[in-house]
Amino acid sequence: MYQLTRLCKPSRARLVHLGIGIRPPLPRPFPSRLLATDALGPPKPSKSRPQIPTEPLPRSRLLSRILLVAKYTGLAAFSSTFGILLLGAGIFIHDAFTYTNKDVHRVPVLPLALHPEQGGPKNLPIVRALVDDVENDEAKRLLDKPKLVIVGGGWGAVSVLQTLSPGDWHVTVVSPETFTTFTPLLPSAAVGTVQVRSLVEPLRKIVARLRGHFVDAKAIDLVMSERLLELETLTSTGEPQRIYLPYDKLIIACGSTSSTHGVQGLEHCLQLKTISDAQAIRRRILDNFETASLPITTPEERKRLLSFVVCGGGPTGVETAAEIYDFCQEDIVNYYPKICREEVSIHVIQSREHILNTYSEAISKYAEAKFRRDSVDLVTCARVSAVHPDHVVYTVRSPDGTITTREIPTNFVLWSTGIAMNPFTRRVSALLPNQVHKKAIEVDAHLRVKGAPLGDVYAIGDCATIETSVVSHLLELVEEADKNKDGKIDFDEFDFMVVARIKHRIPMAESQLQKVRTLFDLYDSDADNSLSLNELCKLLEEIGNKITALPATAQVASQQGKYLGKKLSQLAKKREVLEANGIQDLDEAVSGPFRYTHLGSLAYIGNAAVFDLGNLSFMGGLIAMYAWRSIYWSEQVSARTRFLLMMDWIIRGVWGRDLSRL
């Protein structure tokens, strides 16, 4: 009788010692020839020992890691190869369908487009038909639609084009530039942080969504009585040619120019409003550094060449100064003689006490502290009196009121102080007697030009300003609110005037009309519970003085363009019904007045950014800078410019800015 003992997972060493679980030797091969008795005989019982399964040898940890890395490397290589092949196949398919012959024979053109008739006050050619008006069925359907002409190609004009519904209007864009520019990043383009091609989008591509037209010309004059817009274009020989372009509705969105403030010598200054300005600034900066690097340049001349003066402490001036500092700190110091970086001086001349004075006080102080750490010279409470080819003259007002005159030797002066009318807006303003604003065309709350035929001419963007004067509507308000016709306004009538009339005509006055009863009692000097015309006039005048006009920013122009585009789309759909009912003011029938919503202001100050969100201010270094980039990246006009802008930032981070002078 054998006694069985149960073993619980004996170790391999123990099994080897007992001779159990060892792989038996391989059996010898059978001879090639077998005896018949052996082949036919019963099988002999096997005498091999029973096998116990054994665990596999543990794999080396290093070998496991190598195999894991090889596995994922192979997967990545396979995925990359597959992606490249797929992308190549997509490009090939795209090219196969793109590079095809398109039939452009026998394109129909209206005879009136080839031979326009003469007319108008100056007997000029009247372009009543364009050469592409009937080239396809879609263009033919728009031929009988009302003619909408947009002057300009900036933020306001592009927002109108992006908001209009296709098929409602026969749209024509008039601009001396064939592209729209993302102006907030012009300071970056001026030093090569981004390329100018990344900031522009052709206007023809934008207007193509509406099957619209583009005319490369400059607006000169306006004949409102005949609805004719006078343009100046160039012939094939380069000579100017003037024509008339008819319109049913006209949108003026041609921007503004820089204000001179009566300073002499501004022809020696650079500006930053267009792509050409950015290219000129870039050439001037590179020319100065190349000349300063020559051994024949004297120390005094080198200091003058490397002195950069920015006149204006607003967002454009501050961002340009910050970009120049970054350019010197990140590129000039690496590829130019070190003495050039040492001799660089950047000056910002501001007429107010702080830079970025339209932002919160905390942001202004943060930006000033950042500039001081970067050795950027801030000259506040100063005014430029003259600009000469080799120096700038300015005056500084000290706290005790004394004024001191100083000079800065320089070969670079950027003028960025305020706005003024361009020649066309000045001409339009001169045609209307009630246009008294000195910097822009005055419009009502529906963005209609005051004094022009009702609903014919609109103005948006930097070239326009919404009226803030309430007292100019005094007689109309009294006539509508004075129910008992006693020549006085009691509280009920005043409440009706405020709620139903003033807030509707001038929405920006709402913040001044929150406490109606308190305001009424404040100006009721004789306490007779009514306001005389003199008391009411004084009240309305004080309200108008407290209203702040909207700033000339891209944000305002964009919101105005979107508002106007939506309103014109609604107007096109409801025009027949409204006219059949005898409604005269079509704008008020389809839309309320324009109301601006401030989404915040931001500025770049050199590897840092600041955000003014009204009640909340945010400022910081790289995180804020990337937030600043993200906002501007999302505001791009097209996916093409977004891709190009992202590539520019990557290229600058890896290889630096392009130092080529083109």
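So, a few notes on the structure that sits alongside this text. Nothing here was measured: the structure is a model prediction, and the numbers come from that model.

The rules we used
Residues numbered from 1 in each chain as written. Predicted model: local features only at pLDDT ≥ 70, side-chain atom pairs only at ≥ 80, totals over all residues. Heavy atoms only, no water. Pairing = 2+ DSSP bridges. Helix = DSSP H or I, 4+ residues; strand = E, 2+ residues; numbered from the N terminus. Axes fitted to C-alpha atoms, helices over the stretch in contact; angles between N-to-C directions. Buried < 20%, exposed > 50% of the residue type's maximum accessible area, 1.4 Å probe, protein only. Polar contact = N/O pair within 3.5 Å; in protein donor to acceptor, adjacent residues only side chain to side chain. Contact = heavy atoms within 4.5 Å. Core = buried A, V, L, I, M, F, W, Y, C linked by side-chain atoms within 4.5 Å. Expected span 1.5 Å × (residues − 1). Salt bridge = Lys/Arg side-chain N within 4 Å of Asp/Glu carboxyl O. Patch = residues over 30% accessible without salt bridge, like charges linked within 9 Å, V, L, I, M, F, W, Y side chains within 5 Å. Areas by Shrake-Rupley, 256 points an atom, 1.4 Å probe, with all protein chains shown as cover. Phe/Tyr/Trp six-rings, centres within 6.5 Å; stacked < 30°, edge-to-face > 60°.

### So, the sheet that holds strand 16 (residues 382-387)
If you trace the three strands from one edge of the open sheet to the other, you get 16-17-18, paired in antiparallel fashion. Looking at strand neighbours, the two that pair on one side only are strand 16 and strand 18 (403-409), the edges of this open sheet. Going from strand to strand, the sheet's axes swing by 25 degrees on average, the running direction of each strand aside. Here strand 17 (residues 391-397) pairs with strand 18 via seven bridges, running antiparallel. Paired with Thr395 across the strands is Thr405, a residue of strand 18.

### Focus: the sheet that holds strand 13 (residues 307-311)
The four strands are arranged 15-14-13-19 in an open sheet whose pairing can be described as parallel. Whereas interior strands pair on both sides, the edge strands pair on one side only; in this sheet they are strand 15 (377-379) and strand 19 (412-415). Recorded for the sheet is a direction-independent mean angle of 15 degrees between the axes of neighbouring strands. Pairing geometry for strand 14 (residues 345-349) and strand 15, over three bridges, is parallel. When the bridges of strand 15 are listed, His347 appears paired with Asp377.

### Details of the side chain of Asp168
Along the chain, Asp168 turns up in the loop between helix 6 (155-163) and strand 4 (170-175). Classification of Asp168 by relative accessible area gives buried; the value is 15%. Here Lys573 takes part through its side chain, which lies 3.2 Å from a polar atom of the side chain of Asp168. The residues touching Asp168, leaving out its near neighbours within four places in the chain, are Lys145, Pro146, Ser569, Ala572 and Lys573.

### A word on the nonpolar core
The biggest cluster of nonpolar side chains holds 62 residues, and the ones touching the most others in it are Ile285, Phe289 and Phe371. Examining the composition of this core, we find that eight residues originate from one element, helix 11 (residues 315-335), more than from any other. When near neighbours in sequence (up to four residues on either side) are disregarded, Phe289 contacts Leu306, Phe308, Phe327, Cys328, Ile332, Tyr336, Cys340 and Val344. Counting 57 residues, the second-largest nonpolar core is a separate cluster that includes Leu148, Leu210, Leu432 and Leu578.

### What to know about the side chain of Gln636
You can see Gln636 is positioned in the loop between helix 21 (622-634) and helix 22 (639-655). Since its relative accessible area comes to 4%, Gln636 is described here as buried. Within the local environment of Gln636, its side chain forms a polar contact with the side chain of Thr641, the two groups lying 3.5 Å apart. Residue contacts for Gln636: discarding those within four places in its chain leaves Phe182, Leu185, Ser198, Thr641, Arg642 and Leu645.

### Comments concerning helix 18 (residues 533-546)
Between its terminal C-alpha atoms helix 18 stretches 20 Å, which fits the 20 Å expected from 14 residues at 1.5 Å a residue. Buried within helix 18 we find Glu535, Leu536, Leu539, Leu540, Ile543 and Gly544. Taken together, the buried residues of helix 18 touch helix 15 (474-481), strand 24 (489-490), helix 16 (491-505), helix 17 (516-523) and strand 25 (530-531).

### Overview of the pattern of salt bridges
Summed over the entire model, instances satisfying the criterion amount to 33 salt bridges. Across the pair Lys365 and Glu361 runs a salt bridge, and its minimum N-O distance is 3.0 Å. Of the two residues, Lys365 and Glu361 are both situated in helix 13 (residues 361-373); the distance of four residues between them amounts to about one turn of the helix. Residue Glu361 is classed as exposed on the basis of its relative accessible area, which comes to 53%. The residue Asp444 makes a salt bridge to Arg448 at a minimum N-O spacing of 2.9 Å.

### Considerations on the pairing of strand 17
Within strand 17, five of the seven residues are buried, which leaves it mostly tucked inside the rest of the structure. Two strands pair when backbone bridges link them, and strand 16 and strand 17 are joined in this way by five bridges, in the antiparallel orientation. Looking at strand 17, one finds that Ala382 is bridged to Val396. Between strand 16 and the antiparallel strand that follows it, strand 17, lie three residues.

### A closer look at a nonpolar patch on the surface
A grouping of Trp633, Phe643, Met646, Met647, Ile650, Ile651, Val654 and Trp655 is seen on the molecular surface, where their side chains present a nonpolar patch of about 810 Å² in accessible area. Of all the elements, helix 22 adds the most residues to the nonpolar patch, at seven residues. Tracing the backbone shows Ile650 in helix 22.

### Concerning the packing of aromatic side chains
All chains considered together, the criterion is met by 13 aromatic pairs. Ring geometry for Phe289 and Phe327: centres 6.3 Å apart, planes at 80 degrees, overall edge-to-face. Separated by 38 residues along the polypeptide, Phe289 in helix 9 (residues 275-292) and Phe327 in helix 11 bring together distant segments of the chain. What makes Phe327 buried here is its relative accessible area of 2%. Among the aromatic residues, those joined into a ring-pair cluster are Trp155, Phe182, Tyr604, Trp628 and Tyr632.

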